[in-house]
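Chain residues, written in single-letter form:
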Amino acid sequence: MQRIEWKNLNIDPSEVYRRIGMPDADSKRSQNFKPYVEQMRLKALGLIEVRCIYDYVPVKVSGSEEILLANQYPVKAATSFFEGAAEVLIAIQTIGFRLEEESARLFEVNEMLDGMVLDGCGTVALDEALELLRGMVVKDVSARGLQTGHNLCPGGYQIPLEAQKTIFALLDGGEIGVTLGESLVMSPVKSHTLVIPVGQKLSKPNLSCAITCEMCVDQQNCSHSRLKFGKPKPLATDGEKRNT
Ligand code: SF4
């Protein structure tokens, strides 16, 4: 099991507008929110603590809608994403408690707009952290001469939420302060788990470091998809920030 922290997040303002339901950063309506977005973005950058634990474990397709993780844990899944995979990257990632505590405090004192924008900044931070993680995994896996598949998240359409139990059995979430409740919701809430198939010749490879809505497996069901906002995200290049 490996542990990694990131301190170089950006929290892209245009992504914050999208996450709080504004059309885009340049629209007249969004301009009214600019002072709030700038202020809360800076606050968020001081509150987030991006931590991740991850590992690579063996995988094989073990049934019509089932995979076997680490040779012992059967998990329901859309198996087409795992055909050709010999292992999977599993990860737990969080931005910590501090931002969501401050956001909750703002709501409590009726600073609703600040609370909403700060919460949106936290979501964007978690998106960016996810893309940093994917970039790292794609580079590691490519250097081994293997292919990566799509980002698959328990609770999405390809892997049911119950898979969280297996992820937490294989990774010690406590190492980065993340726990799994009985309802399978993580604490801190601004956390996520990730599964990426890895193999020599995957039936559904995805070799991109960037996470774009065009290639996202949840595109059809995502209410935040950039495609619905009519603006696909430009692909990031090495050394640039990446957002999801
Ligand atoms: S479609 Fe996928 S990549 Fe785009 S915002 Fe939704 S979850 Fe993120």
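Look up: the structure comes first, before these words.
Before going into details, it helps to say that this report is about the structure given with it. (Residues numbered from 1 in each chain as written. Predicted model: local features only at pLDDT ≥ 70, side-chain atom pairs only at ≥ 80, totals over all residues.)

## Side note on the site of the ligand
- If you check the shell around the ligand, you find 10 residues, and the closest are Cys 213, Cys 216, Gln 219, Cys 222 and Ser 225.
- Residues that form the shell around the ligand fall into these classes: four nonpolar, four polar and two charged. (Near = placed C-beta within 6 Å. Nonpolar A, V, L, I, M, F, W, Y, C, P; charged D, E, K, R; others polar.)

## As for unusual backbone geometry
- With an omega dihedral of 0 degrees, the bond running from Ser 187 to Pro 188 counts as a cis peptide bond.
- You will see that Ile 11, though not glycine, has its phi angle at about 55 degrees, which is positive.
- For Ile 11, a count of 23 C-beta atoms within 10 Å translates into the label buried.
- Here Asn 110, not a glycine, exhibits a phi torsion of approximately 65 degrees, which is positive.
- With respect to the helices and strands, the residue Asn 110 is situated in the loop between helix H4 (98-108) and helix H5 (112-143).
- With 9 C-beta atoms counted inside 10 Å, the residue Asn 110 sits in the exposed group. (Buried ≥ 20, exposed ≤ 12 C-beta atoms within 10 Å, placed from the backbone. Helix = DSSP H or I, 4+ residues; strand = E, 2+ residues; numbered from the N terminus.)

## Looking at helix H6 (residues 163-170)
- By the burial criterion, the buried members of H6 are Ala 163, Gln 164, Thr 166 and Ile 167. Projected onto a plane normal to the axis of H6, the buried residues spread over an arc of 160 degrees and lie on a single side.
- Where H6 is buried, its residues meet strand E3 (66-69), strand E4 (73-76), strand E5 (87-94), strand E7 (179-180) and strand E9 (191-199). (Arc of directions from axis to C-beta. Contact = placed C-beta atoms within 7 Å.)

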